[in-house]
Every structure is written in structure tokens, then in C-alpha cells.
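Chains, contacts and geometry: an overview
Here is how the chains run, residue by residue.
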Amino acid sequence: MTEDSIEELLRWIISVDRRLILMQYMKKHTIAKASEIAHETHRSTQNISRALKELEERGLIECMTPSKITWKKYVLTDMGKAVLEKMDGTYL
């Protein structure tokens, strides 16, 4: 992963607040579930689920329970950890 691609992902994340909220949550938690994030951040579960899907499509998070329809659990990928590290102190 190049520095330019990390910068591009940073701009993409901070352009929509639900993505930034999700990355803030992932900084403090190892495993994420949409309902828990929604409750803690006072957002709708649908809004958080959308953010989870967006970050998963970009390879920043990975679903640990893909066969489940609900109550899915997500973790940061190595790329997600690299982006989060770059965000820390500047955006988080």
C-alpha cells in the first residue's frame, strides 16, 4: 500500500461522517457490530451498517461472520490498521 493510496482513503473516509465515526469506534474496539456502534454513537443501525459495508468494500474491515444475516462482527484488516494509524492524532 502506497502513501498516496492511504491519503486517498483518508480523504474518502473523512468526506462522510458515518465513515469517520466508524473508524473512531474501531480505534477503541477490536470487534465491531452495527447495533453496538449505533447505540454508542447515537446513530441509526442502518446508517452504521451502510458505513460497515462501504469500509468492507474498500478492504478496510473484514466480516468475521459472513454466513450470518444479522449480528455480523467486523474487524480491521491490515490496510484498515494502516489507515487508522495514519488518521490517529490528525482526524481522531
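Residues numbered from 1 in each chain as written. Predicted model: local features only at pLDDT ≥ 70, side-chain atom pairs only at ≥ 80, totals over all residues. Heavy atoms only, no water.

**Some remarks on the side chain of E54**
By secondary structure assignment, the location of E54 is in helix α4 (residues 45-57). Judged by relative accessible area, which is 8%, E54 ranks as buried. Among the polar contacts made by the side chain of E54, one reaches the side chain of R18 at a distance of 2.7 Å. Not counting the four nearest positions on each side in its chain, E54 is found in contact with W12, R18 and R19. (Helix = DSSP H or I, 4+ residues; strand = E, 2+ residues; numbered from the N terminus. Buried < 20%, exposed > 50% of the residue type's maximum accessible area, 1.4 Å probe, protein only. Polar contact = N/O pair within 3.5 Å; in protein donor to acceptor, adjacent residues only side chain to side chain. Contact = heavy atoms within 4.5 Å.)

**Quick word on the layout of surface pockets**
The rolling of a water-molecule-sized probe over the atoms marks out the regions of remaining empty space. Its volume calculated, the largest pocket comes out at about 200 Å³. Lining the largest pocket we find 13 residues, and of these A34, S49, W71, K72 and Y74 sit closest to its centre. Counting residues per element, the ones that place at least two in the lining of the largest pocket are α3 (34-41) and α4. The element best represented in the lining of the largest pocket is α4, accounting for 5 residues. Each residue belonging to the lining of the largest pocket can be placed in one class, and the counts come to 5 nonpolar, 4 polar and 4 charged. (1 Å grid on protein atoms, 1.4 Å probe; cavity = no way out; pocket = protein on both sides within 12 Å on 5 of 7 lines; lining within 4 Å. Points joined across faces, edges and corners; volume = space filled by probe spheres on them. Nonpolar A, V, L, I, M, F, W, Y, C, P; charged D, E, K, R; others polar.)

**What to know about α3**
What α3 keeps buried is the set A34, I37 and A38. With its buried residues spanning 100° around the axis, α3 presents them on a single face. Check the buried side of α3 and you find it contacts α2 (17-28) and α4. Downstream of α3 by a residue or two, H42 has a phi angle that is positive, lying close to 60°. (Arc of directions from axis to C-beta.)

**Focus: the pattern of salt bridges**
Close approach of charged atoms allows side chains with opposite charge to pair. Using the criterion set out here, one finds 8 salt bridges in the structure. A salt bridge links K86 to E3; the shortest N-O distance between them is 2.6 Å. Placement of K86 in helix α5 (residues 78-87) and of E3 in helix α1 (residues 3-14) is noted, with a sequence separation of 83 residues between them. Using a relative accessible area of 42% as the deciding quantity, one classes E3 as partly exposed. Between E54 and R18 there is a salt bridge, with the nearest N and O atoms lying 2.7 Å from each other. Of the two residues, E54 is situated in helix α4 and R18 in helix α2; the sequence distance between them amounts to 36 residues. (Salt bridge = Lys/Arg side-chain N within 4 Å of Asp/Glu carboxyl O.)

It is worth stressing that arrangement in space is one thing and function is another; only the former is reported here.
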